[in-house]
Amino acid sequence: MNNVTHLSGYNNFVLPFMIGMIFVLSCCAIGAVRVILELPASDKKKFFLSLINPKIMAQNVRDWFCDCLFHVKLWKRNKLLGYMHSSIAFGWFMIILLGHIEVFLYTPDRIHKLWYPIFFRYFVAVNDNTMQGSFFFFLMDFFLLIILSGILLALVKRVRSRAFGMRRTTRLSFTDRIGLYSLWLIFPLRLLAEGFTADISGGSFLTMSLNHVLHSFLGSEMNMLPTWWAYSLTLGTFMCILPFSRYMHIPAEILLIPMRNAGILITHSRKGVSRLYVHTCPGCGVCIDACPMGAVKANNKDATVYLNRQLKRGNQRRINEISEKCLLCGKCSAVCQVGVEGDKLRIAQRTQIKYNLSPDYSKIDVNSLINTNNIFVNTANKNVSYTENKKVLYFAGCMTSLTPSIRKSMVSILNKSGVDWRFMDEEGGICCGRPMWMAGRLEQAKQMAEKNTEIIKTSGADMLLLSCPICYRIFKERYSLEGVEVLHHTEYIDRLVSEGRLNLSRSDTRYVYHDPCELGRGCNIYEQPRHVVSAVGELVEAAKNGKESVCCGGSLGSLTLGFDKRKPLTENALANLTAGSPDAIVTACPLCQSTFGRYSDRPVKDIAQIVDENS
Amino acid sequence: MSMFGFRISPSSTIDLDKVDRNRFKKLCALEPDASKCMACGSCSATCSASEFSGMSVRKVLLCLQQGREKEAYAMMSSCMLCGKCLMVCPRGINTRHLILSISRIYGKEESI
Amino acid sequence: MNEIVVIIGGGIAGLEAARQLLALGHSPIVIEKSDHLGGHVADWHKLFPDMKPAKDIVDELVSSSKDANIFLHTEISFINRLKDRYNIMLSNGISITSRYILFTTGFRLFDAAKKEEYGYGVYNQVITNQDLEKWFNTSKDSRIDNSAMKAVGFVHCVGSRDEKARNTQCSKVCCITAIKQAIELKEKFPDAEIYCFYMDLRLFGKKFEDFYIKAQRDCGIHFIRGRVSEVSENIDGKVIVKAEDTLAGRPMKVTLDLLVLMSGMVCNPDSTRVAGMMSLPIDSDGFLRSTDNVSRNTVSPKNGIFYAGACTGPKTVPETLAEARSAVLEIHNSIISRR
């Protein structure tokens, strides 16, 4: 062995690593600059301002640690999965960090050599100085062991993914496979390489013991250089393949976190945040299990993970297919470990579809829809019992006109509670625009919103009450109705009950509450309906509920899914709801109610209906 | 105009011999439900846009099959894609996708 | 020569079959779930085309099959197959061994509340064809206000020819039933305007067309070609019906004092349950599947099991009775050929 090369701090085997390192760093830099340049001017400003905002920065740092290194969300999902990911990510991070500390402490003259901390053990020999770092030796070995345990779990997961709480995993692409295998190889090779050199460089419980074992039957130091070469080569391979594989999520997530915390939303189908989302997708496949369309196996390939893959490849036919089929229930976004918003990404793709015919609502005369029934006259309504009453405008919505039970119950509840209210759309009205928005025709949706805003403003109402979560979401998100409170009936009923304006009687009926996608994941309303249901009967929870509730299958989000294709989705959702054998299913969306009603073996009611029956 | 010269308005007869069916065939390929309508009128009665432009999915389909595209476009001009027709259709026609597909396939020549 | 035949269902098909089997010298055992014989027909008022009271038909059938062994309030607990016969365990603890089982399990009326938009169970003025027949019989129904009957609507095809209702088949008898009921109602309320909302009028049977002409010419009933898609309620408690008059090509609405939903026929879940015990096939329309639908529609694919009546699909009363006789003949021939 040539002591000179050892001590010079350079050997040709660092070249693969250096090539990979430079390649990956330049790719990331170019990518980051590209994403930032692609942002609209206002978003750019917002982003840079967020970086000097201490509160947001603190949030960024917290998220970097919790999401990128510790994978807190994965831990919550499945402990094994969480351990597997955080052991590799955090372990690797610690090894790099400790390596640099070692170099900084013991050979500060070589810190400028980029490869040096990575191959430290090859270049140093034990002397009094480095031996003081036995604590670091221990730590290095310890974290290497942690990583190796993570790799072992990763191997097990390939064979038995169910043990990790995953029924289905992603089909890997070619580059993903190369990335995966090189990642698996990096750490065992590092152990082997350090094992061979441990008697010279020094080591701890793992590398030293391995050194003894290796020397006992291999003896020769000839193996040393090849193993270091192999280690460097796998590192180089991994880094060279990284920008083309799912492992791009590692650097991409670092940028996505500050973008998200700055509140930057998707504005373009491919550019800016969309591009970042696509690259941040780690291809873990959690969205495959989550997707309600997965009730039919053939739909598995339409999960968000595959949308991201097709977006990377630019396969337009498949992109359109996947985007138009989706129910937009938002469950993939809710479970996504890195926060990719699959539903919004799909709406952005839909905006790119070319239409020759476009509707035009400019000719619709709003005045024809305004009448004495929906305008609040200045004099107070004589039948109203409460003095400090808000003027409530009730927009039942298109779907509710096909579910008379909801409409009738709402009218009854409002009258019982002495509310000063008017119908906005008793004789029909203009659609809220959300269905059009979901179809990706945003301009048309905005036109509808303008028309409705005009009606609401003219009415003089203080509050807009909605029965349909589809309407509710767009009124909340996209309308600017200053001075008008927008409430869904679940919230309003909860308020009426807590204010003592509506008295409920409780029965022994066991109700399961279904969270409609647009109300739960869409608008974050989970608690109020449960309060109300608990007040009229016993609340039973579904197998999957809240953030992970299963779409009824009737969603307007899907454009291409035909009626017959939706049946298995509804049946699957019903099986989830009836797991606790409730007497009746309660929901808060006319569309969910109709869809479930079609296939359910027990009554399906709207929350307004059970409230009206029990008050 | 007629060769006898005494007809003052164009004939209201739908001449099926002269209907170009290619685009409708394309439509059926993109959304096979296009050929499933049994003309019950449920969609027309429930349509939110009906009072603004006389929209009716049933009539749109009929017009397209008879070569009366312009009438169809006029009806569709205020469709809000709300999905009520989808809910009531007894044949389970995916009306929203049908309307979007029509907007994609038809209308090009009109804009020239 | 005497052979036990188990008849599942004491409706008109079951009773007619029992009567014919008795006449041929066999021993029928009729198992009926409810507390009375005659099934749906027993609830009906008058039958088209002769307006014969349904009660007369049921009474005739009950009296002529009274020698049969009849179990009311009884269900099938389980059936298992022995070598060449079936062992049938009843809910009353009795077990029967028989070579022959005849399914006369009939149909179930589609649950009109499932068509939410029509407001059955929500609006007080919405009833079904069955409710109306009961009212003809008893004159008791709080939803029908004799003093205010100015306008009545009939909705055809409720739960029939409808993917959304999970029944794409035509229920066959609702068109003529609606016309019959409309005429009967018009006779009771001569001043009322009566509307029939139909998709297609399928009047195939003997003298059905005469009913149609009578309804149009003599009773002034309005026939509107359009399916009702929305029903709402006005402040006076009347229902407003929205449909398209597809012949005029324009949407229309009308205010009504009573709306009658013509609920269609769907397969009786009990017959599916019992068929499941013997792994008998179910057809794509949800009814029991015969060996073939042309020449062997009373014969099941399993030895010794026969069908009659609406358990294999919607049928009129005369068709059901004819099928019961035909099934009995199949059974009788099979018994003879064994000897």
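Keep in mind that what you see is a predicted model, and the values were worked out from it rather than measured.

### Details of the overall build of chain C
Then comes step 1: Across its full length, chain C carries seven helices and 20 strands.
Then comes step 2: Against the 2.2 N^0.38 benchmark of 20 Å for 339 residues, chain C shows a C-alpha radius of gyration of 21 Å, consistent with a compact globule.
Then comes step 3: With the C-alpha coordinates aligned to their principal axes, the bounding extent of chain C is approximately 70 × 35 × 35 Å.
Then comes step 4: In chain C, the proportion of contacts linking residues at least 24 apart, taken out of those at least 6 apart, comes to 65%.

### Structural notes on the domain arrangement of chain C
One widely used convention gives an interface's size as the accessible area the parts lose upon coming together.
Residue and element names in this part refer to chain C.
Then comes step 1: You can read the domains of chain C as domain 1 (4-106 + 268-338) and domain 2 (112-265).
Then comes step 2: Taking the mean C-alpha position of each, domain 1 and domain 2 sit 31 Å from one another.
Then comes step 3: Counting residues at the interface gives ten residues for domain 1 and 18 residues for domain 2.
Then comes step 4: Class assignment of the residues belonging to the side of domain 1 that touches domain 2 gives a composition of five nonpolar, three polar and two charged.

### Some remarks on the interface of chain B and chain C
Then comes step 1: Facing the 15 residues of chain B at the interface are 16 residues of chain C.
Then comes step 2: It is helix α2 (residues 42-46) of chain B that provides the largest number of residues to the side of chain B that touches chain C, a total of four residues.
Then comes step 3: Partitioning the side of chain B that touches chain C into residue classes produces six nonpolar, seven polar and two charged.

### Some words on unusual backbone geometry
All names here are of chain C.
Then comes step 1: Following Phe48, the chain continues into Pro49 via a peptide bond in cis, with omega recorded as 0°.
Then comes step 2: One non-glycine residue, Arg161, lies in the positive phi region at around 45°.
Then comes step 3: Note that Arg161 resides in the loop between β12 (151-158) and α4 (174-188).
Then comes step 4: Accessibility expressed as a C-beta count within 10 Å gives 23 for Arg161, which makes it buried.
Then comes step 5: Of note in the backbone geometry, Arg166 takes a positive phi value of approximately 65° without being a glycine.

### Quick word on the sheet that holds strand β7 (residues 584-587) of chain A
All names here are of chain A.
Then comes step 1: Read across the sheet, four strands follow the order β6-β5-β7-β8 without closing on themselves; strand pairing throughout is parallel. Of all strands in the sheet, those with a lone pairing partner are β6 (538-540) and β8 (604-606), marking the two edges. Across this sheet, the average inter-strand angle for adjacent strands is 40°, counted without regard to direction.
Then comes step 2: Strand direction decides the pairing type here: strand β5 (residues 510-513) and β6, joined by three bridges, are parallel. Looking at the pairing, Val512 lines up with Val540 of β6.
Then comes step 3: This element, helix α25 (residues 527-536), spans β5, β6 and β7 of the sheet and lies at about 170° to β5.

### Observations concerning the sheet that holds strand β17 (residues 250-256) of chain C
All names here are of chain C.
Then comes step 1: As summarised here, the arrangement of the three strands in space is β15-β16-β17, forming an open sheet in which the pairing is antiparallel. Each having just a single partner strand, β15 (228-233) and β17 make up the two edges of the open sheet. Neighbour-to-neighbour, the strand axes of the sheet open up by a mean angle of 25°, direction not taken into account.
Then comes step 2: As paired strands, β15 and strand β16 (residues 239-245) are joined by five bridges and run antiparallel to one another. What sits directly across from Val231, in β16, is Val241.

### Focus: the confidence of the model for chain C
Then comes step 1: The predicted model of chain C averages 94 in pLDDT, with 100% of residues at 70 or higher.
Then comes step 2: Note on the complex model: pTM 0.91, ipTM 0.91.

### Quick notes on the interface of chain B and chain A
Then comes step 1: Listed per partner, the contact involves 28 residues of chain B and 24 residues of chain A.
Then comes step 2: Among the elements of the structure, α3 (50-53), α5 (69-76), α6 (84-88), α7 (95-105) and α8 (108-111) of chain B are those that each provide at least two residues to the side of chain B that touches chain A.
Then comes step 3: Counting residues per element, the side of chain B that touches chain A draws most heavily on α7 of chain B, at six residues.
Then comes step 4: Tallied by class, the residues present in the side of chain B that touches chain A amount to twelve nonpolar, ten polar and six charged.

### Regarding helix α1 (residues 12-23) of chain C
Residues and elements named next belong to chain C.
Then comes step 1: Its twelve residues give α1 an end-to-end C-alpha distance of 16 Å, which sits within 8% of 16 Å, the value for a rise of 1.5 Å per residue.
Then comes step 2: Of all the twelve residues making up α1, ten are buried; the element is thus mostly covered by neighbouring parts of the structure.
Then comes step 3: Residues of α1 that are buried: Ile12, Ala13, Gly14, Leu15, Glu16, Ala17, Ala18, Arg19, Gln20 and Leu21.
Then comes step 4: The inward-facing, buried residues of α1 abut β1 (4-8), β2 (27-31), α2 (54-64), β9 (100-103) and α7 (317-338).
Then comes step 5: Gly25 lies just past α1 and shows a positive phi near 90°.

### Remarks on helix α17 (residues 316-325) of chain A
Then comes step 1: Residues of α17 of chain A that are buried include every one of Ile319, Ile322, Ser323 and Glu324 of chain A, and no others.
Then comes step 2: Turning to α17 of chain A, the residues buried within the fold contact α16 (304-313) and α19 (342-350) of chain A.

### Description of the pairing of β1 of chain C
Residue and element names in this part refer to chain C.
Then comes step 1: Counting buried residues along β1, four of its five residues qualify, which places the element largely inside the surrounding structure.
Then comes step 2: As paired strands, β1 and β2 are joined by five bridges and run parallel to one another. Its bridge partner being in β2, Ile8 is matched across the sheet by Ile31.
Then comes step 3: With α1 bridging β1 and its parallel neighbour β2, the resulting β-α-β unit is right-handed.
Then comes step 4: One ladder, built from four bridges, connects β1 with β9; its direction is parallel. By the bridge assignment, Val5 is partnered in β9 with Tyr100.

### Describing the pairing of β2 of chain C
Residues and elements named next belong to chain C.
Then comes step 1: Among the five residues of β2, four are classified as buried, and the element is accordingly described as predominantly covered.
Then comes step 2: In this structure, β2 lies alongside strand β5 (residues 69-71), joined through three bridges in parallel fashion. What sits directly across from Ile31, in β5, is Phe71.

### Some remarks on the environment of Trp421 of chain A
All names here are of chain A.
Then comes step 1: As for its placement among the helices and strands, Trp421 is situated in strand β2 (residues 420-423).
Then comes step 2: Look at Trp421 and you get buried, because 24 C-beta atoms sit within 10 Å.
Then comes step 3: Separated by 296 residues in the primary sequence, Trp421 and Ala125 have C-alpha atoms spaced 84 Å apart.
Then comes step 4: Leaving out residues up to four positions away in the same chain, Trp421 has contacts with Val392, Tyr394 and Leu414.

### A short note on the packing of α17 of chain A against α19 of chain A
Residue and element names in this part refer to chain A.
Then comes step 1: Two numbers describe how α17 lies on α19: the axes approach to 9 Å, and their chain directions differ by 120°. Considering the angle they form, α17 stands oblique to α19. In this structure, the crossing between α17 and α19 has a hand that is left-handed. Here Ile319, Asn320, Ser323 and Glu324 of α17 lie close against α19, whose contacting residues are Arg346, Gln349 and Arg350.
Then comes step 2: In terms of residue class, the contact of α17 with α19 is built from one nonpolar, three polar and three charged.

### A short note on the environment of Ala243 of chain C
Then comes step 1: Mapped onto the elements, Ala243 of chain C comes out in strand β16.
Then comes step 2: Once the C-alpha coordinates of Ala243 of chain C and Val231 of chain C are considered, the two residues, twelve residues apart in sequence, prove to be 9.2 Å apart.
Then comes step 3: Each residue touching Ala243 of chain C, except ones within four places of it in the same chain, is listed here: Gly41 and Ala45 of chain B together with Phe197, Ile224, Gly226, Arg227, Val228, Ser229 and Met252 of chain C.

### Brief notes about the nonpolar core
Then comes step 1: Within the largest apolar cluster, 197 residues are counted, with the highest numbers of intra-cluster contacts made by Leu393, Tyr394, Leu464 and Ile493 of chain A together with Met76 of chain B.
Then comes step 2: With near-sequence residues (within four places) excluded, Leu464 of chain A lies in contact with Leu393, Phe395, Ile456, Phe475, Leu481, Val484 and Val486 of chain A.
Then comes step 3: In terms of nonpolar packing, the next biggest core, distinct from the first, is built from 99 residues, Ile70, Met199, Leu321 and Val328 of chain C among them.

### As for the packing of helix α10 (residues 174-201) of chain A against helix α11 (residues 205-217) of chain A
All names here are of chain A.
Then comes step 1: Between α10 and α11, the shortest axis-to-axis distance is 7 Å and the interhelical angle comes to 75°. Judged by the angle between their axes, α10 and α11 are roughly perpendicular. Residues Leu191, Glu194, Gly195, Phe196, Ala198 and Asp199 of α10 lie in contact with α11, whose contacting residues are Leu206, Thr207, Met208, Leu210, Asn211 and Leu214.

Calculation rules
- Residue numbers here run from 1 along each chain, matching the order of that chain's written sequence.
- Chains carry letters and ligands carry numbers; both start at the beginning, A for chains and 1 for ligands, and go up in the order they are written.
- Given that the model is predicted, a residue must reach a pLDDT of at least 70 before its local features are reported, and side-chain atom pairs must reach 80 or more before they are shown or counted; all residues, however, enter totals for whole chains, interfaces and linings.
- Where helices and strands are cited, they refer to DSSP runs of H or I of at least four residues and of E of at least two residues respectively, numbered from the N terminus.
- Radius of gyration here is computed from C-alpha atoms only, and the compact-globule reference equals 2.2 Å multiplied by the residue count raised to the power 0.38.
- For the purpose of contact definition, each residue receives a C-beta atom placed from its backbone, and two residues are in contact when these atoms lie within 7 Å.
- As used throughout, domain bounds are those supplied by an automatic or database domain assignment.
- Basically, the charged four are Asp, Glu, Lys and Arg, the nonpolar ten are Ala, Val, Leu, Ile, Met, Phe, Trp, Tyr, Cys and Pro, and anything else, Gly included, counts as polar.
- Backbone-placed C-beta atoms define the burial measure: a residue is buried with 20 or more other C-beta atoms within 10 Å of its own, exposed with 12 or fewer, and partly exposed in between.
- The criterion for strand pairing is that DSSP finds at least two bridges linking the strands in question.
- Fitting a line to C-alpha atoms yields each axis, with helices limited to the stretch in contact; the angle taken between N-to-C directions then spans 0 to 180 degrees.
- Per residue, pLDDT captures the predictor's confidence, and it can take any value from 0 to 100.
- To estimate the expected span of a helix, count its residues, drop one, and scale the result by 1.5 Å.
- Here, the term right-handed applies to a crossover whose path from the first strand over the helix to the second runs clockwise when the strands point away from the viewer.
- The cut-offs work like this: below 35 degrees is roughly parallel, past 145 is roughly antiparallel, 65 to 115 is roughly perpendicular, and the gaps in between are oblique.
- Crossing handedness is defined as follows: a turn of the near helix away from the far one that is anticlockwise and smaller than a right angle gives a left-handed crossing, while the clockwise case is right-handed.
- A set of buried residues qualifies as a nonpolar core if it consists of Ala, Val, Leu, Ile, Met, Phe, Trp, Tyr and Cys joined through C-beta atoms within 7 Å.

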